[in-house]
Amino acid sequence: MVEEIVVIEGDGIGQEVVPAAIDVLEAIEPEFEFVEADAGDATKAETGAALPDATYELAANADATLFGAAGETAAEVILPLREAVGSFVNVRPAKAYPGVDALRPETDVVFLRENTEGVYSGHEDRLSDDLSTLTRVVTSSASRELAEFACEYVMEGRGPANGPESGFTVAHKANVMRETDGRFREEVLAVAEERGIDADEELMDAFATKLPLDPTQYGTIVCPNLAGDVLSDLAAGLVGGLGLLPSANIGHENALFEPVHGTAPDIAGEGVANPTAAILSAAMLVEYLGHQDEAAAIRSAVESVLADGPRTGDLGGDATTEGVTAAIIERL
Ligand code: NAI
Ligand code: MG
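Here the structure is a predicted model, which means the values were calculated and not measured.

Asks: Could you give me a rundown of the site of ligand 1, with the residues and numbers involved?
Replies: Around ligand 1 lies a shell of 21 residues, among which G71, G262, A264, D266 and N274 are the nearest. Contacts to ligand 1 include A264, whose backbone N or O atom sits 2.7 Å from an oxygen atom. Within the backbone of N274, one N or O atom sits 2.9 Å away from a nitrogen atom of ligand 1. Isolated, ligand 1 exposes 800 Å² of accessible area, and the fraction of that covered by the protein chains is 67%. Classifying every residue of the shell around ligand 1 by side-chain character gives 11 nonpolar, six polar and four charged.

Okay, here's the thing in structure tokens:
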């Protein structure tokens, strides 16, 4: 069966790292049909819309979408794209690799971040010259859906080996936000108990101290939207930089994969961006579509090149995007 992958390069280094990831996918899984679509700053300048309806429709109907990055229009692109694929969880692994100078080389965590509500649900108002408010939305249904995903994730052995024995950690602030995070915590822990999964809990501020002090205490981490955004960026800092971190926005019948980084205007156009984050995002895509062996092959080729080189400038090397990509393809 041919699977349709929508490819949105976007702006800046998106136009360099996404083609690198496609080269890797073409080397490994010829049953994909790639359909290119536009979004981002340049698209807005040309058409008036950062995310044209045609791109939204393609992403909504594809088997999966690979997205690079958008510049100033990032929010105008990524939020509707996540909606197009009905994504209820954002999966963000942060793993330190041998050969990469990491602050905490023993880090191996995966954040499962609620992706639709919390403080990012869009209910924000400027009520007067002095006062602005935000309504934080937490539903039992979204909390349980995330928890169900987390349970399957750890039961299938997809999470890191660290953390609570065969379970996950839930990070929240239910001691202060009793109704919203209280509901989130209660539902996540209830689902874990129903499924027989070990779940530890941490207050998210204490967690922000404990994670950098000893990352080996944690493996799979489940959190509300904003907490997941901030804490996963904290973890990114522990493992050696943005050029390495992939992510997945998973929905029920569809998903969107993207490097965590942006358009890197300081190096865009020079052909020196690190393609690792985009290639690991492509590996998550391949895994999502059920090709476990191919995903593992991509990961191991990437790890081997990170260990031995060539490396791009962000990792202290002087290789180009193409040079690193060619080395990865050679090791597949
Ligand atoms: P950024 O991730 O683009 O860059 C931050 C720093 O990391 C820069 O020094 C950059 O050179 C470096 N970097 C990032 N990815 C790299 C890679 N693959 N290889 C080597 N170095 C890499 O974040 P910044 O500077 O905050 O934002 C730049 C633009 O990107 C902004 O317009 C922002 O709105 C957009 N952005 C878009 C995102 C998206 O589309 N999902 C996410 C984050 C930012
Ligand atoms: Mg962020």
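Asks: Could you give me a rundown of helix α5 (residues 140-155), with the residues and numbers involved?
Replies: Think of an α-helix as 3.6 residues a turn; residues three or four steps apart then line up on the same face. Taking 1.5 Å of rise per residue, the 16 residues of α5 would be expected to cover 22 Å, and the 22 Å separating its terminal C-alpha atoms lies within 8% of that figure. Among the structural elements, β4 (89-95), β5 (108-114), β8 (168-172), α6 (180-195), β10 (220-223) and β11 (246-250) are those in contact with the buried residues of α5. Backbone geometry just after α5 places G157 at a positive phi near 70°.

Asks: Any details on the sheet that holds β11? Residues and values, ideally.
Replies: Sheet architecture is open: 10 strands sit in the order β2-β1-β3-β12-β11-β4-β5-β10-β8-β9, paired in mixed fashion. Of all the strands in the sheet, just β2 (32-36) and β9 (199-203) have a single pairing partner and so form its edges. Strand-to-strand twist of the sheet, defined as the mean angle between neighbouring strand axes without regard to direction, takes the value 25°.

Asks: If you had to explain the UniProt feature "domain: Isopropylmalate dehydrogenase-like" (unreviewed entry) in the protein chain to someone new, which residues and values would you point to?
Replies: What UniProt calls "domain: Isopropylmalate dehydrogenase-like" (unreviewed entry) maps, in this numbering, to residues 4-328. In residues 4-328, the share of helix is 42% and the share of strand is 19%. The end C-alpha atoms are 24 Å apart.

Asks: Lay out the nonpolar core with the relevant residues and their values.
Replies: With 62 residues, the main nonpolar core has V91, L112, F168, V222, F257 and I298 as its most contacted residues. It is helix α9 (residues 276-288) that provides the largest number of residues to this core, a total of eight residues. Leave out the neighbours within four places in its chain, and L112 touches V89, N90, V91, L146, F149, A150, Y153, T220, I221, V222 and C223. By size, the runner-up hydrophobic cluster in this structure holds 19 residues, among which are A96, A171, A227 and V239.

Asks: Just give me the short version of the packing of α9 against helix α10 (residues 292-308), but keep the residues and values in it.
Replies: Following both chains from N to C, one finds α9 and α10 inclined at 160°, their axes separated by 7 Å at the closest point. Accordingly, the angle class assigned to the pair α9 and α10 is roughly antiparallel. The way α9 lies across α10 gives a crossing that is left-handed. On the side of α9, the interface is formed by T276, I279, L280, A283, M284, V286 and E287, while α10 contributes Q292, E294, A295, I298, R299, V302 and L306. Grouping the constituent residues of the contact of α9 with α10 by class yields nine nonpolar, two polar and three charged.

Asks: Before we move on, could you go through the side chain of E114 and cite the residues and values that matter?
Replies: Here E114 shows up in strand β5. Nearest to the buried, unbridged E114 among oppositely charged side chains is R113, at 7.4 Å. A polar contact of 2.8 Å, which involves the side chain of E114, links it to the backbone nitrogen of E117. Discounting chain neighbours no more than four positions away, the residues touching E114 are F88, A142, L146, F184, C223, P224 and N225.

Asks: I'd like a rundown of the side chain of T263, residues and numbers included.
Replies: Residue placement: T263 occurs in the loop between β12 (255-259) and α9. In this structure T263 comes out as buried when scored by relative accessible area, which is 13%. Apart from residues no more than four positions distant in its own chain, T263 is found in contact with D11, G12, I13, A69, A70, G71 and A268.

Asks: Which residues make up the environment of A59, and what are the values?
Replies: Along the chain, A59 turns up in helix α3 (residues 53-61). Contacts of A59, omitting those with residues within four sequence positions, involve V6, T65, L81, A84, V85 and N254.

About the cut-offs
Each chain has its residues counted from 1, running along the sequence as written. Written order decides the labels, with chains lettered from A and ligands numbered from 1. Reporting of local features is limited, given that this is a predicted model, to residues whose pLDDT is at least 70; pairs of side-chain atoms are given and counted only at 80 or more, and all residues count toward the totals for whole chains, interfaces and linings. Working from all heavy atoms in the structure, the side-chain values ignore hydrogens and water. Being near a molecule or strand, for a residue, comes down to having at least one heavy atom within 4 Å of it. Pairing of N or O atoms within 3.5 Å defines a polar contact, subject to two protein rules: one partner must be a possible hydrogen donor and the other a possible acceptor, and residues neighboring in sequence count only if both atoms are side-chain atoms. We get accessible surface area from the Shrake-Rupley algorithm with a probe of 1.4 Å; when it comes to residues, only the shown protein chains can shield them. The nonpolar class holds Ala, Val, Leu, Ile, Met, Phe, Trp, Tyr, Cys and Pro. Asp, Glu, Lys and Arg form the charged class, and all remaining residues, Gly among them, are polar. Helix and strand assignments come from DSSP, with helices taken as H or I runs of at least 4 residues and strands as E runs of at least 2, each series counted from the N terminus. Expected helix span is given by 1.5 Å per residue-to-residue step, counting one fewer step than there are residues. In what follows, residue pairs with any heavy atoms lying within 4.5 Å of each other are defined as contacts. In this scheme, strands are said to pair when DSSP sees at least two bridges between them. Between N-to-C directions, angles span 0 to 180 degrees; the directions come from axes that are lines fitted to C-alpha atoms, helices contributing only their stretch in contact. UniProt positions are given in the numbering used here, feature names are shortened, and annotations may be inferred rather than shown by experiment. To form a nonpolar core, buried Ala, Val, Leu, Ile, Met, Phe, Trp, Tyr and Cys residues must be joined to one another through side-chain atoms within 4.5 Å. Here the term buried applies to any residue with accessible area under 20% of the maximum for its type, exposed to any over 50%, and partly exposed to those in between, with areas from a 1.4 Å probe on protein chains only. Under this scheme an angle from 65 to 115 degrees is roughly perpendicular, one under 35 degrees roughly parallel, and one over 145 degrees roughly antiparallel; angles in between are oblique. Here is the rule for handedness: rotate from the far helix to the near one, and if that takes an anticlockwise turn smaller than a right angle the crossing is left-handed, while a clockwise turn gives right-handed. Only four residue types enter the tally: Lys and Arg on the positive side, Asp and Glu on the negative side, with His and both chain ends excluded. Here, a salt bridge means any side-chain nitrogen of Lys or Arg that lies within 4 Å of a carboxyl oxygen of Asp or Glu.

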